[in-house]
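# Chain and residue survey
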Amino acid sequence: MWVACETLSMAAIRTQSLTKRFGDVVAVRDVNLTVEEGEIFGFLGPNGAGKSTTINMLLDFMRPSEGTAEVLGHDAQKEPRAIRNRIGILPGGYDLYDRLTAREHLEFAIDAKNADADPSELIDRVGLSQEDADRKVGGYSKGMAQRLVLASALVGDPDLLILDEPSSGLDPHGIREMRELIRGEADRGTAVFFSSHILSEVEAACDRVGIMNNGRLVAENTVEGLRELTGASSQLILKVGRVPTELDLTSIEGVSGVSVDDSALRVSFSDPGKKAQVVKRVDAATRITDIKSEQASLEELFDSYTRGEEPTGRKPESPAEVSA
Ligand SMILES: Nc1ncnc2c1ncn2[C@@H]1O[C@H](COP(=O)(O)OP(=O)(O)OP(=O)(O)O)[C@@H](O)[C@H]1O
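Residues numbered from 1 in each chain as written. Predicted model: local features only at pLDDT ≥ 70, side-chain atom pairs only at ≥ 80, totals over all residues. Heavy atoms only, no water.

Across the 8 residues that make up helix H10 (residues 223-230), a large majority, 6, are buried. Within H10, the full set of buried residues consists of Val-223, Gly-225, Leu-226, Arg-227, Leu-229 and Thr-230. (Buried < 20%, exposed > 50% of the residue type's maximum accessible area, 1.4 Å probe, protein only. Helix = DSSP H or I, 4+ residues; strand = E, 2+ residues; numbered from the N terminus.)

Below is the structure:
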């Protein structure tokens, strides 16, 4: 019975063995990805990793060579019409008509989706002024254009938003507003699937992330889960009166590395439970003037999954193992 219930639960996105070949190039290889309803999911990977190809298959712009993609419970290739009006897309490259105003663009988008939406409400929602919305978009800054495209994506209150670099062109204030907006949409139950190269932004905004590398989904987890899996869980920074070069802290099991900068020792742990032991040993050798604890950033985790080396700790052996 339990199995049946689980099978029926609808994910916003579910791919199974999704694969795309271009001749000899395998752009996407056997990807099993699940994005739940109402979740903010960051889709990451270096250039050429297979992100756009995956998104193109979700949107039925491309056909998979093998495997399936399901969006909002419908097969992306067999039932694209059932999906189209329930998703909002902010594409990486987009064309706006310079001679139309933002309001006219939105009226057009509302008509095209046959939606019942108020352009003024959408304009407010993305932080454009009503006055600017009546100007021709030819004179818009990149950030204003980005807000307009997002407003178009929100037409019809989609159940899934697919956003390609949503913070692109926005100033720091705009980036924060975009994050709040995305969170607000997720709180309404909308799933948000977004790709970005600004990893600090992804870390701040996402519930979970997926990392693509060479066509494979090499990680799918919360940022915290990735820290645990890679063993890059934490670092201790000890400011000291004298650097105790005679100490071999790496001989303590659970210490994965030690470096020295500006009279400070930076100690990485595969077992954070060993922090007290390290502090005790350093304290016995020199005066500790300050202690700080830091967690590995998403950027460091991203590096460990995509630079072609093993992450510092235990690396998941198969995509199945990294599912949260
Ligand atoms: N139409 C195509 N024909 C041939 N090869 C392609 C085609 N589209 C993509 N590829 C190849 O597939 C691989 C994945 O490309 P893709 O555009 O999906 O990567 P990406 O992760 O989106 O990269 P970026 O961050 O640079 O946009 C690359 O090796 C690319 O050269």
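Picking up where we left off.
Before going further, it helps to examine the site of the ligand. Residues in contact with the ligand, as listed here, are Phe-22, Val-25, Ala-27, Pro-46, Asn-47, Gly-48, Ala-49, Gly-50, Lys-51, Ser-52, Thr-53 and His-197. At 3.0 Å, a backbone N or O of Ala-49 approaches an oxygen atom of the ligand. Between the ligand and Lys-51, the relevant distance is 2.8 Å, taken from an oxygen atom to a side-chain nitrogen or oxygen of the residue. Burial of the ligand by the surrounding chains reaches 58%, relative to a free accessible area of 640 Å². For the shell around the ligand, the per-class residue count stands at 5 nonpolar, 6 polar and 1 charged. (Near = heavy atom within 4 Å. Polar contact = N/O pair within 3.5 Å; in protein donor to acceptor, adjacent residues only side chain to side chain. Areas by Shrake-Rupley, 256 points an atom, 1.4 Å probe, with all protein chains shown as cover. Nonpolar A, V, L, I, M, F, W, Y, C, P; charged D, E, K, R; others polar.)

Counting buried positions over the 7 residues of strand S11 (residues 234-240) gives 6, a clear majority of the element. Across 6 bridges, S11 lies against strand S14 (residues 288-294) in antiparallel orientation. If you follow Ile-237 over to S14, its bridge partner there is Lys-292. (Pairing = 2+ DSSP bridges.)

Applying the stated criterion to the full structure yields 19 salt bridges. A salt bridge links Glu-294 to Arg-266; the nearest nitrogen and oxygen atoms lie 3.4 Å apart. Here Arg-266 lies in strand S13 (residues 264-269) and Glu-294 lies in strand S14, a separation of 28 residues in the sequence. One salt-bridge network, held together by shared partners, links Glu-121, Arg-125, Asp-157, Glu-185 and Arg-188. (Salt bridge = Lys/Arg side-chain N within 4 Å of Asp/Glu carboxyl O.)

For any part of a model where pLDDT is low, the fine detail of the predicted coordinates should not be relied upon. Confidence along the chain averages 86 in pLDDT terms, with 91% of residues attaining 70 or more. Here residues 1-8 is modelled with pLDDT under 50, and outside its nearest four sequence neighbours on either side it reaches 0 contacts, counting other chains as well. Confidence drops under a pLDDT of 50 for residues 309-324, and excluding neighbours within four residues, the segment shows 31 contacts in the predicted structure. (pLDDT = per-residue confidence, 0-100. Contact = heavy atoms within 4.5 Å.)

On to the environment of Ile-83, then. By the element assignment, Ile-83 lies in helix H3 (residues 80-84). We classify Ile-83 as buried; its relative accessible area is 3%. The spacing of Ile-83 and Ala-219 is 136 residues in sequence and 27 Å in space, taken between C-alpha atoms. Setting aside anything within four residues of it in sequence, one finds Ile-83 in contact with Val-71, His-74, Asp-75 and Ala-76.

Our next topic: the nonpolar core. One finds Leu-44, Leu-128, Leu-150, Leu-163, Phe-194, Val-209 and Ile-211 to be the most contacted residues of the largest nonpolar core, which totals 48 residues. If one sorts the elements of this core by residue count, helix H7 (residues 142-153) sits on top with 6 residues. For Leu-150, the residues in contact, after removing those within four places along its chain, are Leu-90, Val-126, Leu-163, Met-178 and Leu-181. (Core = buried A, V, L, I, M, F, W, Y, C linked by side-chain atoms within 4.5 Å.)

Turning our attention to the domain arrangement of the chain. Split by domain assignment, the chain resolves into domain 1 (2-86 + 158-227) and domain 2 (234-294). Spacing between the C-alpha centres of domain 1 and domain 2 amounts to 39 Å. (Domains from an automatic or database assignment.)

This part is about unusual backbone geometry. Look at Asp-60: it is not a glycine, yet its phi comes out positive at around 60 degrees. Examined against the element boundaries, Asp-60 turns out to sit in the loop between helix H2 (51-58) and strand S4 (66-71). Here Asp-60 falls in the buried class, since its relative accessible area comes to 16%. Despite not being glycine, Leu-72 shows a phi value in the positive range, around 50 degrees. Topologically, Leu-72 is positioned in the loop between S4 and strand S5 (74-75).

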